[in-house]
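As a plain string of letters, each chain reads:
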Amino acid sequence: MGLNNGKVETLMSDFLRKSGGVAVIDGGFATELERHGADLNDPLWSAKCLLTSTDLVRQVHLDYLEAGADIIITASYQATIQGFGAKGFSKEESETMLKRSVDIACEARNVYYERCSNSASTFTSDGKILKNRPILVAASVGSYGAYLADGSEYSGDYGDAMDLEFLKSFHRRRVQVLAESGADLIAFETVPNKIEAQAYAELLAEGIKIPAWFSFNSKDGVNVVSGDSLIECAEVADSCPKVVAVGINCTPPRFISGLIQSIKKITTKPILIYPNSGENYDADLKQWVKNTGVPDEDFVSYVNKWCEIGASLVGGCCRTTPNTIKAICRTLPSRSSYMA
């Protein structure tokens, strides 16, 4: 099931209706790859696995689908033509790897549907959910700061690169390639400042044929991480016709309720939230600080409140797992018809 047909304004609302009112996004991807043993100590981060571990990428997508996710996000967050170029790959090879990130996710969806068709039960003895349902593939686009791999996606401070035309030029071809790769939508993730949101919005107006969502990150529960107003950033997303949802990712759970209420003030578009586990990231050590987050049961305890106050797409970001997503599905009333 794709979002490519019909009017952009109704695409997400139709998908949400078919999902029971609330759709579930997958969870942490790079941290899940690491949990399986992948070494991501590289400027390419999770995109390194597009070169070395495609089977593992596919398996993580499958794990999330079998946990109940309705939307899986590709391993392209830190995949850029410039980043691959720095590793010695040609422009053509780099574009091929971007497309491959979408191909792998689509393959995982096809495998999942095949498993659903061959299964006699929706809920298997080992806890897997095998329900034939609409599933979307979202092509991830990380910020310029993610490409820099210096933690600036958590500050939004790009120095001399804080320039609209520069950011549009940096992202343009990558966005074009992902938009033409077979994904259902583009997920502009962890957007740290207003100028990059504006760059994305203007790129979407340059003939991009598929819809998108914008998700911002915050470290104070009021503004985005750069200090720019969340309201103003969300207004950029709201004013873009191609944007079908707007929200928050990679932000501690304790801030989410207030952020949803702020976004609700300026948009009627669906609100998406996929927080991190609440753990802190040390940009100097390039690792998550253990024991600074919340356990799955506490994370999930927030979910129904988030939905009650306006969220209609819910999942997890860094350090959340398939078990987190399964627990989210269990707590959603719309899933009670097939969750044991």
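The notes below deal with the structure included here. (Residues numbered from 1 in each chain as written. Predicted model: local features only at pLDDT ≥ 70, side-chain atom pairs only at ≥ 80, totals over all residues. Heavy atoms only, no water.)

**Remarks on the sheet that holds strand β2 (residues 71-73)**
The pairing of strands in a sheet comes from backbone hydrogen bonds and takes either a parallel or an antiparallel form. Definition in use: Between any two strands, pairing holds if DSSP finds at least two bridges. Only DSSP runs of H or I with at least four residues qualify as helices, and only runs of E with at least two residues qualify as strands; both kinds are numbered from the N terminus onward. Pairs of residues are marked as contacts when any of their non-hydrogen atoms sit within 4.5 Å. Angles run from 0 to 180 degrees between N-to-C directions of axes, and those axes are lines fitted to C-alpha atoms, restricted for helices to the stretch in contact.
Within the open sheet, the eight strands sit side by side as β1-β10-β7-β6-β5-β4-β3-β2. Their pairing is parallel. Looking along the sheet, the strands with just one partner apiece sit at the ends: β1 (23-24) and β2. Here strand β7 (residues 271-274) runs beside strand β10 (residues 311-314); their pairing, made up of three bridges, is parallel. Within the sheet, the bridge partner assigned to Leu 272 lies in β10 and is Leu 313. Packed onto the sheet, helix α6 (residues 91-118) meets β2 and β3 (136-141) and runs at close to 160 degrees relative to β3.

**Some details on the nonpolar core**
The condition that has to hold: For the purposes of this section, nonpolar cores are sets of buried Ala, Val, Leu, Ile, Met, Phe, Trp, Tyr and Cys residues that join through side-chain atoms within 4.5 Å. Relative accessibility under 20% of the residue-type maximum defines a buried residue, over 50% an exposed one, and the middle range a partly exposed one, all with a 1.4 Å probe and only protein chains included.
Core analysis: the biggest nonpolar cluster contains 89 residues, and Phe 188, Phe 214 and Phe 216 have the highest contact counts within it. When residues in this core are grouped by element, the largest group, ten residues, is from α6. Leaving out residues up to four positions away in the same chain, Phe 216 has contacts with Val 191, Ala 197, Val 224, Leu 230, Cys 233, Ala 234, Val 246, Gly 247, Ile 248, Asn 249 and Thr 251. Counting residues in hydrophobic clusters, the runner-up holds 20 residues, among them Phe 15, Ala 245, Tyr 274 and Leu 313.

**Regarding the pattern of salt bridges**
Worth spelling out the cut-off: A pair is scored as a salt bridge if a Lys or Arg side-chain nitrogen falls within 4 Å of a carboxyl oxygen belonging to Asp or Glu.
The tally for this structure, following the rule as stated, stands at 17 salt bridges. Where Asp 70 meets Arg 133, a salt bridge forms, and the shortest distance between an N and an O atom there is 2.9 Å. In this pair, Asp 70 is assigned in the loop between α4 (54-67) and β2 and Arg 133 in the loop between α6 and β3, connecting sequence segments 63 residues apart. The same class applies to Asp 70 and to Arg 133, which are both buried. Glu 232 is the partner of Lys 194 in a salt bridge, and the nearest nitrogen-oxygen pair spans 3.4 Å. Linking Lys 194 in helix α9 (residues 194-204) with Glu 232 in helix α10 (residues 230-238), this pair joins segments that are 38 residues apart in sequence. Classification of Lys 194 by relative accessible area gives partly exposed; the value is 31%.

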